[in-house]
Amino acid sequence: YRLERDAPATAPAEDWPATARLTITRAGPADVEDIVNVQAAAFHDPADEIRDVVLAGLAGPEERFYLGRLGDSPVGSLKVYTPAGRAGVYAFGIAPQYRRHGYGSQLLLRVMAELGAEGHPHIWLEVEQYNEPAYALYRSLGFTLTTAYGYFNLPI
């Protein structure tokens, strides 16, 4: 599924308790292993493949990564892709032990507010159709379904 929404004009009010509030930073080379660990835990992809994607993304002008931490512990990460003034969110993952505590909402809302402040008025993301928890999160944050992709296998 592809979902879209307008970027918020301002950062959301921090209604999470201070002890549960994430520190969210734009990631750099020193954060690669934390991103790899979060992504590997969230998506069960091989660490070497994730590392290659993250390093390539950090080197490019249209991609950036964000990392959410609770104290020193990496909780979640996401990639933002900004081609031609547009903004897409990819590889948004929360480590399994931190799910269902509001950390995904915090991370995504704060990054969306930053994108809006930078002049990206519209944000899109994609989610697998069977990932019901992620789909529910995105819908609760105001994203609407715009496209459902169909994939087929054809014998050659």
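Remember, it's a predicted structure, so these values are computed and weren't measured experimentally. (Residues numbered from 1 in each chain as written. Predicted model: local features only at pLDDT ≥ 70, side-chain atom pairs only at ≥ 80, totals over all residues. Heavy atoms only, no water.)

K.L.:
Please provide a residue-by-residue account of the packing of helix α1 (residues 32–43) against helix α2 (residues 47–59), values included.
P.N.:
The N-to-C vectors of α1 and α2 enclose an angle of 130°; their axes lie 9 Å apart at closest approach. Judged by the inter-axis angle, α1 sits oblique to α2. The handedness of the crossing between α1 and α2 is right-handed. Contacts between α1 and α2 involve Val-32, Glu-33, Ile-35, Val-36, Gln-39 and Ala-40 from the former and Ala-47, Ile-50, Arg-51, Val-54, Leu-55 and Leu-58 from the latter. Among the residues forming the contact of α1 with α2, the class breakdown is nine nonpolar, one polar and two charged. (Axes fitted to C-alpha atoms, helices over the stretch in contact; angles between N-to-C directions. Helix = DSSP H or I, 4+ residues; strand = E, 2+ residues; numbered from the N terminus. Parallel < 35°, antiparallel > 145°, perpendicular 65-115°, else oblique. Left-handed = near helix turned anticlockwise from the far one by under 90°. Contact = heavy atoms within 4.5 Å. Nonpolar A, V, L, I, M, F, W, Y, C, P; charged D, E, K, R; others polar.)

K.L.:
Requested: an account of the pairing of strand β3 (residues 63–70), with residues and values cited.
P.N.:
Judged by how many residues are buried, β3 sits mostly within the fold: six of eight residues are covered. Both strand β2 (residues 23–26) and β3 contribute to a ladder of four bridges, which runs antiparallel. Pairing of Arg-26 across the sheet is with Tyr-66, part of β3. Turn length for the β3-strand β4 (residues 73–81) hairpin, with the two strands adjacent in sequence and antiparallel, is two residues, and the turn residue Gly-71 shows positive phi of about 65°. (Buried < 20%, exposed > 50% of the residue type's maximum accessible area, 1.4 Å probe, protein only. Pairing = 2+ DSSP bridges.)

K.L.:
Account for the nonpolar core, with residues named and values stated.
P.N.:
With 30 residues, the main nonpolar core has Leu-78, Phe-92, Leu-108, Tyr-138 and Phe-143 as its most contacted residues. Of all elements in the fold, only β4, β5 (87–94), α3 (103–117), β6 (122–126) and α4 (132–140) reach the threshold of two or more residues within this core. Element by element, the count of residues in this core is highest for α3, at seven residues. Dropping the residues within four chain positions of it, Leu-78 is found in contact with Arg-64, Phe-65, Tyr-66, Val-89, Tyr-90, Ala-91, Phe-92, Leu-107, Leu-108 and Val-111. Core analysis: the next-biggest nonpolar cluster, separate from the first, contains eight residues, Ile-35, Ile-50, Val-54 and Leu-67 among them. (Core = buried A, V, L, I, M, F, W, Y, C linked by side-chain atoms within 4.5 Å.)

K.L.:
I'd love a proper account of the packing of aromatic side chains, names of residues and values included.
P.N.:
By the definition in use, this model includes six aromatic pairs. Between Tyr-98 and Tyr-103, the ring centres sit 6.1 Å apart and the planes meet at 75°, which makes this aromatic pair edge-to-face. Accessibility classification places Tyr-98 together with Tyr-103 in one group, the buried group. Here the aromatic rings of Tyr-138 and Phe-143 are separated by 6.1 Å at their centres, their planes lie at 65°, and the arrangement is edge-to-face. Connected via pairs of aromatic rings, a cluster forms that spans Tyr-81, Tyr-90 and Trp-124. In this arrangement the basic side chain of Arg-86 is found over the ring face of Trp-124, its NZ or CZ atom lying 4.7 Å from the centre. (Phe/Tyr/Trp six-rings, centres within 6.5 Å; stacked < 30°, edge-to-face > 60°. Lys NZ or Arg CZ within 6 Å of the ring centre and 35° of its normal.)

Just distances and angles here, no functional claims.
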